[in-house]
Amino acid sequence: MKDIQISQHQNAVVLASLTQNSANQQADLRRISRQLSSLAAQTDALQKSVSPLTTSSIPHHLNYRARVVRRKTIATLPKPFGPVSVGGAPLSPAPASNPGPG
């Protein structure tokens, strides 16, 4: 009987400790949540205040040549004839065209 009482007392101590740890973790979680909300609000405020600066920091005196896009003419390739591989499939050789008796 004495062993059961000792065990119950130990379990009560462990339960009290776990309950206290849980309360501490919940308090930490609430504190971190408040800090995160505050940080998000500060980040939003900074982004709103910095946005006009980033668009105005682009220099207006860019070299005209740097802005010109040079177009290259692409030589037209001849259209393929015979069987065409799609997706890398091997092809059998194209049948030879034999003029039949006519």
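Every value quoted in this text rests on a predicted model; they were computed, and no experiment measured them.

Engineer: Before we move on, could you go through the overall build of the protein chain and cite the residues and values that matter?
Structural biologist: Of regular secondary structure, the protein chain possesses two helices and zero strands. Counting all 102 residues of the protein chain, 0% fall into the buried class. Roughly 10,300 Å² of accessible area belongs to the protein chain as shown, and the carbon and sulfur atoms make up 61% of that amount.

Engineer: Could you give me a rundown of the pattern of salt bridges, with the residues and numbers involved?
Structural biologist: Inspection of every chain in the model, using the stated rule, returns one salt bridge. Ionic pairing is found between D28 and R31, a salt bridge with its closest N-O pair at 3.7 Å. Of the two residues, D28 and R31 are both situated in helix 1 (residues 2–56); the distance of three residues between them amounts to about one turn of the helix. Given the relative accessible area of 36%, D28 is considered partly exposed.

Here is what the cut-offs are and how they apply
Residues numbered from 1 in each chain as written. Predicted model: local features only at pLDDT ≥ 70, side-chain atom pairs only at ≥ 80, totals over all residues. Heavy atoms only, no water. Helix = DSSP H or I, 4+ residues; strand = E, 2+ residues; numbered from the N terminus. Buried < 20%, exposed > 50% of the residue type's maximum accessible area, 1.4 Å probe, protein only. Areas by Shrake-Rupley, 256 points an atom, 1.4 Å probe, with all protein chains shown as cover. Salt bridge = Lys/Arg side-chain N within 4 Å of Asp/Glu carboxyl O.

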